[in-house]
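# Notes for the structure review
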Amino acid sequence: MPISLDSRIPDGDLADKWSNQQANFKLVSPNNKTKYKVIVIGSGLAGASAAATLAEQGYQVDCFSFNDSPRRAHSVAAQGGINAAKNYRNDGDSTYRLFYDTIKGGDFRSREANVYRLAEVSGQIIDHCVAQGIPFARDYAGYLDSRSFGGVQVSRTFYAKGQTGQQLLLGAYGALNRQIHLGKVRMFVRSEMLDVVVDKGVAQGIIVRNLVSGEVSRFNAHAVIIASGGYSNMFYLSTNALSSNVTATYRAYKQGALFANPAFTQIHPTCIPASGEHQSKLTLMSESLRNDGRIWVPAKQGDHRLPADIPHNERDYFLERRYPAFGNLVPRDIASRAVKQVCDKGLGVGPTGHGVYLDLADAIDSSGRDIIEERYGNLFEMYQRITSENPEKTPMRIYPAAHYTMGGLWVDYHLMSNIKGLFVIGEANFSDHGANRLGASALMQGLADGYFIVPSCVSHYLTEQKPQLVDTTSDSFNEIDQSVENRVADLLSIKGQHSADYFHRKLGQLMWDNCGMARSEKGLRKALDEIPKLSEQFWQQLKITGCGKELNFQLEKAGRVADFLEFSQLVCQDALHRSESCGGHFRQESQNAEGEALRNDDDFSYVAAWQFKSGKSNHQPEPATLHKEPLRHEAVAPDQRSYK
Amino acid sequence: MANYRVNIWRQDQTEKQGRFEQYRVEDISEDMSFLEMLDVLNEKLISDDLVPVAFDHDCREGICGACGLVINGIPHGKECGTTTCQLYMRHFTADTEITIEPFRAQAFPLIKDLMVDRSSLDRVLQSGGYVSVHTGAAADANNVLIAKHKADDAFTAATCIGCGACVAVCRNASGMLFVAAKTSQLALLPQGQPERLERSLSMVKQMQDEGFGNCSNHYECEAACPKNIPASYIAQLNRDFLNASMTSKEYESQTHCKSLEE
Amino acid sequence: MQKLKDFIVSPIGSKVIMALSGAMILLFLVGHALGNLLIFRGQESLNSYAYWLQNSPLLWGFRATMLLLLMLHVMLAVRLYLQNKKARPVAYAVNKDMQLTFSAKTMIFSGAIIFAFIIFHIAHLTLGWISTTSLEVEAGQQMIDVYSNVVAGFKLPEIALFYVISLLVIGLHLHHSIKSLFQTLGFHHENFHQMIDYLAPAVIVILTLVFISIPLAVLFGYLPLVVQP
């Protein structure tokens, strides 16, 4: 298959592109819609909203989740809020400003047309969510309240205390429930997609394992939508849920879909530091805390006094010092890096030295305890539960942790990958956040894709498809089903001595050390050298007890770790090739005298879309082939991103 | 570092007989979460060629609602307002015995070990736990104003994570707090009004059909709820249900049509 | 009709009927207790009150209503109890209560004791199966001497004790009932539920004391058995 990287961006001015596109979309007539079937993988914000909206329009939808209920999807954990260019505050916000902030926040590595469209539909999302009965925060007059987030100087983030993701997900889950009740959506829970069936460059269906019975079955459809989220769990410790994984997108990649910018991963600055070896995940403290919290470390190394005993003039408020214009509200990548730098200098606090203070004492003094509790009460409780320290008495300790992945499957303006009929939405695609995502934009993107963008794109695609489905007993299904069954059998037959978790931890450490917040050619080459060895060990020493025809979470985990082992090499390859620093991707070789990231627009202003190349062994691919989609900056000229 | 003896319910499949088994876990740090303690146990079981203990869990930050174990007789353990994944070992005295059981209810069939099937809760919500708004139909978000205290009250109800602890703790395995949290959230907001009464009828009916028990106003549910959702929402549901039963027109209109046909 | 049936068998409908029937029985109890107090004014007062009641044209209507309410209350209670048992087929090995009260936990048992007590009580004092003294009211018309019956009965310590215990069980049953009543009927608001929390126990204590005072008074000789001249 020749690779075409046609991004199908419509003509016209930036502001008209989406309306032009909508005017040109072809439509399926209402009574023909029932003849088309769409598969949605994932039931988070993007997946649930897409499944519900497509079903509302009349299509038959099959939706899959590996959890026991759609409501468990990890979108539920998003805390801070959702952006929308409503300008309810009259503080100078507009569609263009949201677009501009997102492009700049993404360090000029995203597609302008996609980002503008995102900003355009952002307001509609809030309208729809309010209509669904989502209890957003209100002011005393009954109007919607909003707050500020990192990298932004207007107040455009709508929120429901620190549980915005949960509320939005429950809204989408409600919409999905309604369609399940009406019989328009068939929901398959505890079902994991293990491969996508592609024949002659067209997606025809998927192969799914029922996690309770262990049964592997085939599903066909006219279009497949992947909404399986991100891959931060390749670092082992991340803010993601424990079962979040790369399998769905990686399998699609192995079937020919291009993977774009895999090295663009986001490290979130404000997480609770790890307390020991046993740690299974890291917990995020919402970025909204930086609205009122001040980040500092002791100015002198080895200052072991209690934080309250250190006078103001002996503290280093390093974000405020280095970035006076944005202060504690600099974007996530910049804040994370600054935290890492002070800790590397030995100024870090806490038992491990991997931590800085996030202090709300000044805010409590100026705004009052009640106001601060009202804003962050549930976060304080959460922090206290985990650390047994009260953040109203002693400052919180925070440290960066892997959080979000901007990279994902390559999609065009229609959110379709280079495989026809394979759409990718939400965190699983690469499209809108460039090299760094701004806070409260993930919820916006997931819902924009699911409610408003992908349904019309899928409809348009279906107008060109015949209603006949490819039979699930066809050669293409047989072949891929067989390979899935073989792989399960292979994993079970190793009978070595280490659990899947053992390998996952090792991989995570390798990736965090060499491909985490700061990357160097030397480190990346080391990782690219070590990971294949680890992978080889995995396929010789993995141990799974129990069998495959029953509920076996070790087997699920092993399959996911196996994919992470291959995929992380692609991440390192991408990180190595991109020898500039941009957004979350910081190459030590590319920084200025002050230690700020140095972008190289002349050589790297493109989307790196990688094509799978199989190797001699099933488990060890050859280095991937690079395809470049040049980025054209017509509306915003890239400049050095400055928050000083 | 502490050691514990844990009694865990082991059961291979729904149909098979289950039993308690006792294991020893060693070198548990007080900063470990309860589930991390189980991870340590599972790693040990795997290295001994045994099948590890199956339990549901996912986000491990207390919001997804997947985890839920009955720990020493209380769902999610005795710490107030805490999910199992956010329960820390510092709350357990060293060298004691910890008994871990699955959620027990007719409406939650056991799948394996400590894992139960809570899809009955999903079906209750499918029967009406939403506002039937079509994507794209909404007017501007600020068109309808909502008093702050109402929005806050609705939010408190909406924080339900669907873990099922209210059912697990209830002597009657009743799902009333779960149902009431959803009906109250929507009953408190203007958007939920048009379907308010029918919603309470259909959701209560579905709850009944799923085999949940009835509410005896014991209020153990609010004590066990990891999100501290108060039982006063159940009164709200009772009120709506009573109102709906007295005023809803559904049956009358059907019989009316029939009589016309005749 | 279908709708009414659906309502009665629904989880909330059953409870509402339980609550309403219970509430009416409670109102009856209040009246009953006030009437009982007449015993302290002497034989004459109580007996003439009893005579008035027994000759009331509403007597049988009232009795039938109370019986119906009681049967409804008991039948629904048994039905709910069996449903609730079925909803938890496998019991926990370790049980721990958090805010569950003893009264709430034992409703079905206190209810069963009360039911047995009511049968005994009707047989004893309404039907007079156990000991009967009758007196002539007017020429040729006899009526049970309620006062003497009560006093004669409670002179026996085992009967007095049985009454005292049963009446305490009624108090226990009411402890959960009164608070539960408001919740089931949908009244649970921070503005007044604290008031109910204080008022309910007060009502129960007064009611129980009033009832218990009679067997105790007889037993300790405050109410003498007077032979009718």
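What you see is a predicted model, and the numbers here were worked out from it, not measured in a lab.

## Focus: unusual backbone geometry
We note that Lys 200 of chain A has phi near 50°; this positive angle belongs to a residue other than glycine. Following the sequence through the fold, Lys 200 of chain A ends up in the loop between strand S7 (191-199) and strand S8 (202-210). One non-glycine residue with positive phi stands out, namely Asn 217 of chain B, at about 55°. Following the sequence through the fold, Asn 217 of chain B ends up in the loop between helix H6 (196-209) and helix H7 (220-224).

## So, the state of the cysteines
Residue and element names in this part refer to chain B. A full pass over the atoms with the stated rule returns 0 disulfides over all chains. Free of any disulfide, Cys 59 has its nearest neighbouring cysteine sulfur in Cys 64, separated by 3.7 Å. Summary of cysteine pairing: Cys 170 is not part of a disulfide, and the nearest cysteine sulfur, belonging to Cys 221, is at 6.8 Å.

## Describing the interface of chain B and chain C
In this complex, chain B contributes 51 residues to the contact, which on the side of chain C involves 36 residues. Contact between chain B and chain C buries roughly 3,700 Å² in total, counting both sides, with carbon and sulfur atoms accounting for 55%. Here chain B is connected to chain C by 1 salt bridge. Salt-bridge contacts for Asp 97 of chain C lead to Arg 171 of chain B; the nearest nitrogen and oxygen are separated by 3.5 Å. Here chain B and chain C share 29 residue pairs in polar contact (both at pLDDT 80 or more) between them. Top contributing element to the side of chain B that touches chain C by residue count: helix H8 (residues 232-247) of chain B, with 11 residues. Here the residues of the side of chain B that touches chain C are counted per class, giving 28 nonpolar, 16 polar and 7 charged.

## Describing the domain arrangement of chain B
Reports often express the size of an interface as the amount of accessible area lost when the parts come together. Residues and elements named next belong to chain B. Taken domain by domain, chain B consists of domain 1 (2-111) and domain 2 (119-250). A straight line from the C-alpha centre of domain 1 to that of domain 2 covers 29 Å. Of the residues lining the interface, 17 residues belong to domain 1; the matching set on domain 2 comes to 19 residues. Taking both sides of the interface into account, the surface hidden between domain 1 and domain 2 amounts to around 1,300 Å²; carbon and sulfur atoms contribute 66%. On the domain 1 side of the contact with domain 2, Pro 75, Ala 107 and Phe 108 bury the most area, a combined 34% of that side's loss. Our enumeration of links across domain 1 and domain 2 arrives at 2 residue pairs in polar contact (both at pLDDT 80 or more). Tallied by class, the residues present in the side of domain 1 that touches domain 2 amount to 9 nonpolar, 7 polar and 1 charged.

Conventions used here
Residues numbered from 1 in each chain as written. Chains lettered and ligands numbered in written order. Predicted model: local features only at pLDDT ≥ 70, side-chain atom pairs only at ≥ 80, totals over all residues. Heavy atoms only, no water. Helix = DSSP H or I, 4+ residues; strand = E, 2+ residues; numbered from the N terminus. Disulfide = S-S within 2.5 Å. Contact = heavy atoms within 4.5 Å. Buried area = accessible area lost by both parts, 1.4 Å probe. Salt bridge = Lys/Arg side-chain N within 4 Å of Asp/Glu carboxyl O. Polar contact = N/O pair within 3.5 Å; in protein donor to acceptor, adjacent residues only side chain to side chain. Nonpolar A, V, L, I, M, F, W, Y, C, P; charged D, E, K, R; others polar. Domains from an automatic or database assignment.

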